[in-house]
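# A structural walkthrough
Here is what each chain is made of, one letter per residue.
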Amino acid sequence: RLVDYKSGKFKKENVSPPSARLPEGGPYWRQLVFYKFLFEGSVESRGTKAKSAMVAYIDADKDDVFAEHEVAFIPEHEEIVLGIIKDTYAKIMSQDFDTGCEDEFCEWCNFVKSTGQDINQFSSVDEDEVRDDA
């Protein structure tokens, strides 16, 4: 079992697996599956497979309870995260950085907007202008 320690308050949606409402699962859930890939691909794992993971909160809730949430790894869910990784890698390799995520609570998008920048500012930049080897 892998364990990830978190501060803050437990929110079920953060550790939720994929569903109709959250087709890519919650952010902590995706993170745990990604950690599984990292662990199993490491030399230190020596072929050991991670069967589950747990999020353990280091901040107690109002009842002085330290929340924990177990996530079992399911092959179909792993395929979803692998698809997200492949899609993200393809966007990075094609330099597809020019749009925001459109989430009103996105810290990055709100940071860019708060500095007066256009979230799409890189869409018209010539590739030769940003390459180190040009």
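Sequence order as written defines the numbering, with residues in each chain counted from 1. Per-residue local features are limited, in this predicted model, to residues with pLDDT of at least 70; the limit for side-chain atom pairs, both in listing and counting, is 80 or more; totals at the level of whole chains, interfaces and linings are taken over all residues. To obtain the side-chain values, all non-hydrogen atoms of the structure were included, while hydrogens and water were left out.

Where helices and strands are cited, they refer to DSSP runs of H or I of at least four residues and of E of at least two residues respectively, numbered from the N terminus. Helix span is expected to be 1.5 Å times the residue number reduced by one. Look at helix 2 (residues 27-41): 21 Å from first C-alpha to last across 15 residues, which is about the 21 Å you get at 1.5 Å a residue. Using a 1.4 Å probe on the protein chains alone, a residue whose accessible area is under 20% of its type maximum counts as buried, one over 50% counts as exposed, and one in between counts as partly exposed. Within the sequence span of helix 2, burial applies to Trp29, Leu32, Val33 and Lys36. Down the axis, helix 2 shows its buried residues gathered within 95° of arc, on one side only. In what follows, residue pairs with any heavy atoms lying within 4.5 Å of each other are defined as contacts. In the core, the buried residues of helix 2 are packed alongside strand 1 (2-6), helix 1 (12-15), strand 2 (52-57), strand 3 (68-72) and helix 3 (75-93). Working note: the arc is built from the helix axis to C-beta atom directions.

Attention shifts here to the pattern of salt bridges. Just to be clear on terms, a salt bridge is a Lys or Arg side-chain nitrogen sitting within 4 Å of an Asp or Glu carboxyl oxygen. If you walk through the whole model with that rule in mind, you get six salt bridges. Salt-bridge contacts for Asp87 lead to Lys91; the nearest nitrogen and oxygen are separated by 3.6 Å. Separated by four residues within a single helix, Asp87 and Lys91 lie in helix 3, roughly one turn from each other. Each of Lys36, Glu40 and Glu78 takes part in salt bridges that share partners, so that together they form one network.

Our focus in this paragraph is the nonpolar core. By convention a nonpolar core is built from buried Ala, Val, Leu, Ile, Met, Phe, Trp, Tyr and Cys residues, the set being connected through side-chain atoms within 4.5 Å. Residues Leu2, Val15, Trp29, Leu32, Val33, Ala50, Ala53, Val55, Tyr57, Val71, Phe73 and Val81 constitute the largest nonpolar core, which totals 12 residues. Going through the elements one at a time, helix 2 and strand 2 are the ones with two or more residues in this core. Non-local contacts of Val55, meaning those with residues more than four positions away in its chain, are made with Asp4, Lys6, Val15, Tyr28, Leu32, Ala67, Glu68 and His69.

Here the focus is the packing of helix 2 against helix 3. Between two packed helices, the angle of one axis relative to the other and the distance separating the axes together describe the packing. Their axes nearest at 10 Å, the elements helix 2 and helix 3 cross at an angle of 90°. Judged by the angle between their axes, helix 2 and helix 3 are roughly perpendicular. On helix 3, the residues touching Trp29, Arg30, Val33, Phe34, Lys36 and Phe37 of helix 2 are His77, Glu78, Val81, Leu82, Ile84 and Ile85. Broken down by class, the residue content of the contact of helix 2 with helix 3 amounts to eight nonpolar, one polar and three charged. Axis geometry follows a simple rule: fit a line to the C-alpha atoms, using only the stretch in contact for helices, then measure angles between N-to-C directions, giving values from 0 to 180 degrees. To sort the angles, those under 35 degrees are grouped as roughly parallel, those over 145 as roughly antiparallel, those from 65 to 115 as roughly perpendicular, and the leftovers as oblique. Under the grouping applied here, Gly and all other residues not named as nonpolar or charged are polar, the nonpolar ones being Ala, Val, Leu, Ile, Met, Phe, Trp, Tyr, Cys and Pro and the charged ones Asp, Glu, Lys and Arg.

Attention now goes to the packing of aromatic side chains. Planes of paired rings set the category: under 30 degrees apart is stacked, over 60 is edge-to-face and the rest tilted, where pairs are Phe, Tyr or Trp rings (Trp by its six-membered ring) whose centres lie within 6.5 Å. Under the counting rule described, the total for this entry stands at one aromatic pair. Relative to Tyr57, the ring of Phe10 lies with its centre 5.8 Å away and its plane at 90°, an arrangement referred to as edge-to-face. Placement of the pair is Phe10 in the loop between strand 1 and helix 1 and Tyr57 in strand 2, with a sequence separation of 47 residues. On the basis of relative accessible area, Phe10 is assigned to the partly exposed category, the value being 34%.

Let's shift gears to the pairing of strand 2. Among the six residues in strand 2, six count as buried, and that is most of the element. A two-sided burial pattern is seen for strand 2, the buried positions comprising Ser52, Met54 and Ala56 on one face and Ala53, Val55 and Tyr57 on the other. Judged from the five bridges that link them, strand 1 and strand 2 form a sheet pairing that is parallel. Across the sheet, residue Val3 finds its bridge partner in strand 2, namely Met54. Bridging between strand 2 and strand 3 involves five bridges; their strand directions are antiparallel. Pairing of Ala56 across the sheet is with Glu68, part of strand 3. Any two strands with at least two DSSP-identified bridges between them are counted as paired.

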